[in-house]
Amino acid sequence: MSFFEAKKIKKSYENLPALQEFSLCLNRGEFLSIVGESGSGKSTLLRILAGLEVQDSGNVFLNQEEILNPKKKLVPGYDEVKLIHQDYHLLPNSTVAENIRRPLLHYDKKYAKVREEKLLQQFGLKDFRDRLPRQLSGGQQQKVAIAAALAIEPEVLLLDEPFSSLDTIQKHRLIDELGNLFQTSKTTVIFVTHDLDDALRLTDNLIILRNGAVVQKGNSFELCTQPQSQYVARLFSHINAIPGEKNEFIRPNEVKLRSKAGLLGHVVDLRFLVHFNSLQIKLKESGQVWEVDDPLRKYQVGDRVYLQWEKEKVMQLLS
Ligand code: ADP
């Protein structure tokens, strides 16, 4: 049996399924991201994994012990499984150090002091120890919240969209820092997000959730190069349907732009992006509009262009 395991979890709200036989297995120290749109069941799942919500059926085990839900346990939740969400509140009138120390109130004083110092050090918060939450950036506040959650050394950390309120630069910096931290602390982490890019930055191990069911799991390379559905393929980029071929698709970065031979079209729109121009190309014969990357920024609106691609790059996607 794995370190942390969920077996066939089902949950409905008023007869509408929120989770459909969801299962997962994690080894100690493993990271997993669960990616799904809003409403796909991510928060419900994490609350059940943390023992904070009653599932209809299925079980959760940590270290072979069942995580009991609030129906079966007087005080819901576990110190071993910590859930953090976006609006996790810090105590506004307590300093950074006090916020981090708070979960350790009933612990041995010496141990509490050692943990506090270690976390301030690990999270790069030493210089901010006497500041109040409002004197910190959003990213720093979120770091304090996560440091506080780690104070009592939980076995599993569940992160529910913890970066949603941060701007992109803050978010990427925090994700990088946390990735390194979790690796050294050997914490088992499940991160749920609607943002595939955030997930890829933190982990290589992914589950794609849709309508409460797992649609695919694997590492990022597998999911990107061998998606089993159009839905998963589209999470990584736009896909172009190949005319005349029912289930064949190609990504914008796999299409080559040529001055002769291939599928003829003309450029109808162009967007200047950081690494390439993104072209909208109207195909002459079918009238379809394709999205194609132009990394050399060679083509302009109105240009005629021929499209080619390698057979191996074509994705067969039945659904
Ligand atoms: P996510 O975190 O992916 O946005 P949620 O787990 O919050 O998804 O919600 C999954 C589904 O369950 C949604 O359709 C949502 O409307 C529904 N849901 C969640 N919580 C409740 C609740 N307390 N009562 C009724 N429906 C709920």
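Residues numbered from 1 in each chain as written. Predicted model: local features only at pLDDT ≥ 70, side-chain atom pairs only at ≥ 80, totals over all residues. Heavy atoms only, no water.

Student: I would appreciate a short explanation of the overall build of the protein chain in the present structure.
Tutor: A tally of helices and strands in the protein chain yields eight helices and 18 strands. Going through the 319 residues of the protein chain one by one, you find that 46% of them count as buried. Summarising the internal contacts of the protein chain: among those between residues at least 6 apart in sequence, 63% fall at separations of at least 24. (Helix = DSSP H or I, 4+ residues; strand = E, 2+ residues; numbered from the N terminus. Buried < 20%, exposed > 50% of the residue type's maximum accessible area, 1.4 Å probe, protein only. Contact = heavy atoms within 4.5 Å.)

Student: Would you explain the nonpolar core in this entry?
Tutor: It is characteristic of soluble globular proteins that their nonpolar side chains tend to be buried jointly. One finds Phe123, Ile146, Leu157 and Phe182 to be the most contacted residues of the largest nonpolar core, which totals 34 residues. Secondary structure elements with two or more residues in this core: α2 (96-101), α3 (109-122), α4 (138-150), β7 (156-160), α5 (168-185) and β8 (188-193). In terms of residue count, the dominant contributor to this core is α4 (six residues). Those residues within four positions of phenylalanine 182 in sequence are excluded, and the remaining contacts are Phe31, Ile146, Leu150, Leu157, Leu159, Thr187 and Val189. Core analysis: the next-biggest nonpolar cluster, separate from the first, contains 27 residues, Phe22, Leu62, Val156 and Val192 among them. (Core = buried A, V, L, I, M, F, W, Y, C linked by side-chain atoms within 4.5 Å.)

Student: What is the right way to read the domain arrangement of the protein chain from this model?
Tutor: It is common to give the size of an interface as the accessible area lost on bringing the parts into contact. Under the domain assignment used here, the protein chain contains domain 1 (4-225) and domain 2 (238-316). For domain 1 and domain 2, the distance between their C-alpha centres works out to 41 Å. (Domains from an automatic or database assignment.)

Student: Where do I start with unusual backbone geometry in this structure?
Tutor: Outside of glycine, negative phi angles account for most residues, and trans bonds account for most peptide bonds. You will see that glutamine 64, though not glycine, has its phi angle at about 70°, which is positive. Positionally, glutamine 64 belongs in the loop between β4 (57-62) and β5 (65-66). Judged by relative accessible area, which is 58%, glutamine 64 ranks as exposed. With a phi angle near 55°, arginine 297 is a residue other than glycine that sits in the positive phi range. On the secondary structure map, arginine 297 appears in the loop between β16 (289-294) and β17 (304-308).

Student: Honestly, the site of the ligand in this entry has me stumped. Any pointers?
Tutor: Surveying the vicinity of the ligand reveals the residues Tyr13, Ala18, Glu37, Ser38, Gly39, Ser40, Gly41, Lys42, Ser43 and Thr44. A distance of 3.1 Å is found between an oxygen atom of the ligand and a backbone nitrogen or oxygen belonging to serine 40. A distance of 2.7 Å separates an oxygen atom of the ligand from a polar side-chain atom of serine 43. Within the complex, the protein chains bury 58% of what would otherwise be the 560 Å² of accessible surface of the ligand. Ranked by residue count, the leading element in the shell around the ligand is helix α1 (residues 42-49), at three residues. Each residue belonging to the shell around the ligand can be placed in one class, and the counts come to two nonpolar, six polar and two charged. (Near = heavy atom within 4 Å. Polar contact = N/O pair within 3.5 Å; in protein donor to acceptor, adjacent residues only side chain to side chain. Areas by Shrake-Rupley, 256 points an atom, 1.4 Å probe, with all protein chains shown as cover. Nonpolar A, V, L, I, M, F, W, Y, C, P; charged D, E, K, R; others polar.)

Student: Mind showing me how you'd approach the sheet that holds strand β3 (residues 31-36) here?
Tutor: Each strand in a sheet pairs with its neighbour through backbone hydrogen bonds, running either in the same direction (parallel) or in the opposite one (antiparallel). A sheet is described by the order of its strands in space; here six strands give the open sequence β6-β7-β8-β3-β9-β10, paired in mixed fashion. Looking at the sheet topology across the chains shown, the edges are occupied by β6 (81-85) and β10 (213-219). When strand polarity is set aside, the average angle formed by the axes of neighbouring strands in this sheet is 15°. Relative to β8, β7 is paired through five bridges, and the arrangement is parallel. Bridged to aspartate 160 within β8 is valine 192. In this fold α4 packs onto β6 and β7, with an angle of close to 170° to the strand it touches most, β6. Along the sheet, α5 makes contact with β3, β7 and β8, crossing β3 at roughly 140°. (Pairing = 2+ DSSP bridges. Axes fitted to C-alpha atoms, helices over the stretch in contact; angles between N-to-C directions.)

Student: Please explain the sheet that holds strand β18 (residues 315-316) as it appears in this structure.
Tutor: Across the sheet, three strands lie side by side as β11-β12-β18; this open sheet has antiparallel pairing. Edge positions in the sheet fall to β11 (240-241) and β18, since each has one partner strand and no second.

Student: Would you mind showing me how to read α1 here?
Tutor: Since the α-helix turns once every 3.6 residues, residues separated by three or four places project in the same direction. With six of eight residues buried, α1 is to be regarded as a mostly interior element. Among the residues making up α1, those that are buried are Lys42, Thr44, Leu45, Leu46, Ile48 and Leu49. Just downstream of α1, glycine 51 is the residue with a positive phi angle, here 75°.

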